[in-house]
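Structure assessment
Spelled out from the first residue to the last, the chains are:
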2 protein chains.
Amino acid sequence: MTIFPAHYSGPTLGEVGEHRAIEAIITAAPSSRNGDDAAVLNHASPNSRAVATTDMLIEGRHFRADWSTPEEIGQKAIVQNFADIEAMGARPIAALLAIAAPPHTPVSYIRGIAAGINERVGEYSAELVGGDLTSGDHLVLSVTAIGSLGGSRPELTLDRARPGQRVVAHGSIGWSAAGLALLERFGRDAVPEQFTPLVEAHCAPRLNPGRGVIARATGATAMTDNSDGLIADLGTIARRSGVGIDLHSADVAPAPLVAEAAELLGADPWEWVMSGGEDHTLLATTAGDPPSGFRSIGRVVRGDGVTINGEDPKYTHGWVSF
Amino acid sequence: MTIFPAHYSGPTLGEVGEHRAIEAIITAAPSSRNGDDAAVLNHASPNSRAVATTDMLIEGRHFRADWSTPEEIGQKAIVQNFADIEAMGARPIAALLAIAAPPHTPVSYIRGIAAGINERVGEYSAELVGGDLTSGDHLVLSVTAIGSLGGSRPELTLDRARPGQRVVAHGSIGWSAAGLALLERFGRDAVPEQFTPLVEAHCAPRLNPGRGVIARATGATAMTDNSDGLIADLGTIARRSGVGIDLHSADVAPAPLVAEAAELLGADPWEWVMSGGEDHTLLATTAGDPPSGFRSIGRVVRGDGVTINGEDPKYTHGWVSF
């Protein structure tokens, strides 16, 4: 049973009912396309194709109501789905939100989730176009993202990395795992203030919108995002492409703030870098220079698996659901 | 905690892990578009627009593992989402499936859900193109359907019914509610055999694919599906269109099998007809003759609300989540 922080007060879902709760969502995340049996999206550009992905977030597993604000939960749900759209080289245009929530959920909490969604979809000029709200024992969010893939270049699948290409990244690596470790040790309110960027990277990750489209336009070959862990996700590209990937340790070394958090916690920051997922950093391969906003972190090589400076990584595990 | 029927045996999700379970899903419901960060859909026809909708199904609320087979659960999840796509006059082309399931869930059970999904999407020439599988205490399915809306006619929104138009329906009305009442009384195994069509209408509703497209092509104006209840759903069209709807009692009268079930249970079959949802029968308005496969059930009139033979309906409540 999900427990909501006491400062979310006011009427509950059970008190106001489904229709007024949906009104609260639509008011917080408005779209003229919402409110019918299904949402009709815009005419897309010539030859464009629709791209779709979905992710489910369960309270207590993918987020915690005592660590994240509802706004952050909404932001995270959008970013992790939109990162998958961007990882194809496509542009996110719409999101759908299905929520299961207990009757004792404050409407203000649901409104907060919708506000967080609205903030992030707005950064992409996208909209929340539809959804479903139902009663459940636990708070569960299921977000679907829809994107548009224009132009004639192929989409950025996992299987097009080739030996000799550069491995590039856009975004931080290991920050989300560091934030999670800090939350586990201190709880949200007691994390030392200088680590706020790490906690926020975990609770409400943020990407610079449009980097996936830019990477595809400037010659990226394969792309994914760091959702399960750096080694695990690059390992998927390596396996699907039939290649090896060698990372340069200096280019993926823990950021000073991450190293500082590790020292405080007595942890190895390299574990966060190699195994920590949920950064949703874009990871791509390219035959050219790093696309704008990306930095080089290694090379595609003949062989298989992922190495660091030619050696097996110390940490290889990633997120697993079971 | 979801309890699975004993005859689903073999390895569990907790034993085989996420990746092998996803393999089982993809094998049961194959698509070449599945398996990357996001699914890229086909080039659509000129000027076509994407249409999207989502619905969440929770074990114990929207279905019961002791009443429905996993195949039926998958079928129901698709039909209720595809009905929303059809209700816009669009053609369903793809589905995404997010599942939360306990670690003790047999993989054979998940495979059954995927097989049911595959059967129904196949009837529409659609595909299961992506999804998510995560661990949760309860079995929760969240399905997103994506459709394609071709041609230049407007989509069939809820607000275009006009006085003088016919109200038409494709599909049965009240069958799902009758089936649910029989299940509640007898449990699945003890429902008298002659009522199997009613039980199946509840556990695995079925629509004749393409009726939404046909209705739009032949002049339908507004459309929805009977998901919350006949009076409730037509009431939404009436309210959004600023009109009244008068049903002809003879045209919505309970089918003989529904009446027979009501007699056995001592129930009023008209309650199932008026208030029972989940038939996913398409309900439309049109200025012309009923589209192929549809029958006339009433008229759009000046005024507001829904009446039967000019009088207030005896039952008006519909499904509410809270």
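Residues numbered from 1 in each chain as written. Chains lettered and ligands numbered in written order. Predicted model: local features only at pLDDT ≥ 70, side-chain atom pairs only at ≥ 80, totals over all residues. Heavy atoms only, no water.

Moving on: the interface of chain A and chain B. Counting residues at the interface gives 63 residues for chain A, matched by 63 residues for chain B. It is A:D37, A:M56 and A:F322 in chain A that bury the most area against chain B; as a group they hold 17% of the surface buried on that side. Put simply, chain A and chain B have two salt bridges between them. Note that A:R61 is salt-bridged to B:D137, the shortest N-O span being 3.2 Å. Taken together, the connections running from chain A to chain B amount to 22 residue pairs in polar contact (both at pLDDT 80 or more). Those elements that provide at least two residues to the side of chain A that touches chain B are α1 (13-28), β1 (39-43), β2 (49-58), α2 (70-86), β3 (91-101), β4 (127-135), β5 (140-149) and β7 (220-225) of chain A. (Contact = heavy atoms within 4.5 Å. Buried area = accessible area lost by both parts, 1.4 Å probe. Salt bridge = Lys/Arg side-chain N within 4 Å of Asp/Glu carboxyl O. Polar contact = N/O pair within 3.5 Å; in protein donor to acceptor, adjacent residues only side chain to side chain. Helix = DSSP H or I, 4+ residues; strand = E, 2+ residues; numbered from the N terminus.)

Further remarks concern helix α3 (residues 107-123) of chain A. Residue and element names in this part refer to chain A. For α3, which comprises 17 residues, the first-to-last C-alpha distance of 25 Å matches the rise-based estimate of 24 Å (1.5 Å per residue) to within 8%. Listing the buried residues of α3 in full gives V107, Y109, I110, G112, I113, A114, G116, I117, R120 and V121. Elements that come into contact with the buried residues of α3 comprise α1, α2, β3, β4 and β5. Remark: S125 follows α3 within two positions and exhibits a positive phi of approximately 55°. (Expected span 1.5 Å × (residues − 1). Buried < 20%, exposed > 50% of the residue type's maximum accessible area, 1.4 Å probe, protein only.)

Residues and elements named next belong to chain B. For strand β7 (residues 220-225), a buried count of six out of six residues is recorded, marking the element as mostly surrounded by other parts of the structure. Of the pairings in the sheet, the one linking β7 to strand β9 (residues 282-286) comprises four bridges and is antiparallel in character. Looking across to β9, one finds that M223 is bridged to A284. (Pairing = 2+ DSSP bridges.)

Glancing now at the nonpolar core. Grouped together as the largest cluster of nonpolar side chains are 54 residues, with contacts concentrated most on B:V51, B:F82, B:I99, B:Y109, B:L139, B:L141 and B:M223. Residues from two domains meet in this core; each of domain 1 (13-149) and domain 2 (166-308) of chain B gives at least three. Look past the residues within four positions of B:V51 in its chain and what remains in contact with it is A:A38, A:A39, A:V40, B:I85, B:M88, B:A90, B:A145, B:I146, B:G147 and B:L149. Among the nonpolar cores identified, the runner-up in size contains 45 residues, and A:A21, A:A95, A:I99 and A:V143 belong to it. (Core = buried A, V, L, I, M, F, W, Y, C linked by side-chain atoms within 4.5 Å. Domains from an automatic or database assignment.)

Backbone hydrogen bonds hold the strands of a sheet together, and the pairing may be parallel or antiparallel. Residues and elements named next belong to chain B. Read from one edge of the open sheet, six strands run β7-β9-β6-β10-β8-β11, paired in mixed fashion. Since the sheet does not close on itself, it has two edges, and those belong to β7 and β11 (305-308), each with one partner. Recorded for the sheet is a direction-independent mean angle of 25° between the axes of neighbouring strands. Bridge count for strand β6 (residues 166-170) against strand β10 (residues 295-301) is four bridges, and the pairing is antiparallel. When the sheet's bridge partners are listed, V167 is paired in β10 with G298. Along the sheet, helix α7 (residues 230-241) makes contact with β6, β7, β8 (244-247), β9 and β11, crossing β8 at roughly 145°. (Axes fitted to C-alpha atoms, helices over the stretch in contact; angles between N-to-C directions.)

As a further point, take the packing of α2(A) against α3(A). All names here are of chain A. Between α2 and α3, the shortest axis-to-axis distance is 6 Å and the interhelical angle comes to 40°. Here α3 runs oblique to α2, going by the angle between their axes. As α2 runs across α3, the sense of the crossing is right-handed. Taken together, the residues of α3 that come into contact with α2 (itself represented by P70, E71, I73, G74, Q75, I78, V79 and F82) are Y109, G112, I113, G116, I117, E119, R120 and V121. Of the residues assigned to the contact of α2 with α3, the class counts are nine nonpolar, four polar and three charged. (Parallel < 35°, antiparallel > 145°, perpendicular 65-115°, else oblique. Left-handed = near helix turned anticlockwise from the far one by under 90°. Nonpolar A, V, L, I, M, F, W, Y, C, P; charged D, E, K, R; others polar.)

Turning next to the relation of the copies chain A and chain B. Of the transformation placing chain A onto chain B, the axial shift is 0.0 Å and the rotation is 180°, giving an RMSD of 0.0 Å. What the superposition gives is, in effect, a two-fold axis relating one chain to the other. A high fraction, 100%, of the interface residues of chain A reappear at the interface in chain B, so the copies pair face to face through one surface. (Least-squares fit on C-alpha atoms with pLDDT ≥ 70 in both.)

Looking now at the environment of B:A177. Residues and elements named next belong to chain B. Of note, A177 is situated in helix α4 (residues 175-186). The buried category is assigned to A177, whose relative accessible area is 14%. Along the sequence, A177 and E271 sit 94 residues apart, while their C-alpha atoms lie 8.8 Å from each other. Excluding its chain neighbours within four sequence positions, the residues that come into contact with A177 are W272, G276 and G277.

Further remarks concern the environment of A:P103. With respect to the helices and strands, A:P103 occurs in the loop between β3 and α3. Measuring from C-alpha to C-alpha, the distance between A:P103 and A:H170 comes to 41 Å, with 67 residues separating the pair along the chain. A:P103 has contacts with A:T12, A:L13, A:G14, A:S135, A:G136 and B:F322, leaving out every residue within four places of it along the chain.

Another point: the domain arrangement of chain A. Residue and element names in this part refer to chain A. One can read the domain layout of chain A as domain 1 (13-149) and domain 2 (166-308). Each of domain 1 and domain 2 was reduced to a C-alpha centroid, and the two centroids are 25 Å apart. Facing the 22 residues of domain 1 at the interface are 24 residues of domain 2. Both faces combined, the contact of domain 1 with domain 2 buries some 1,900 Å², and carbon together with sulfur accounts for 53% of it. For the interface between domain 1 and domain 2, the tally reads four salt bridges. Put simply, K76 and E278 hold a salt bridge, and the shortest N to O gap is 3.1 Å. Where domain 1 touches domain 2, the interface holds eleven residue pairs in polar contact (both at pLDDT 80 or more). Of all elements in the fold, only α2 and α3 reach the threshold of two or more residues within the side of domain 1 that touches domain 2. Per-element tally for the side of domain 1 that touches domain 2: the top contributor is α2, with eight residues.

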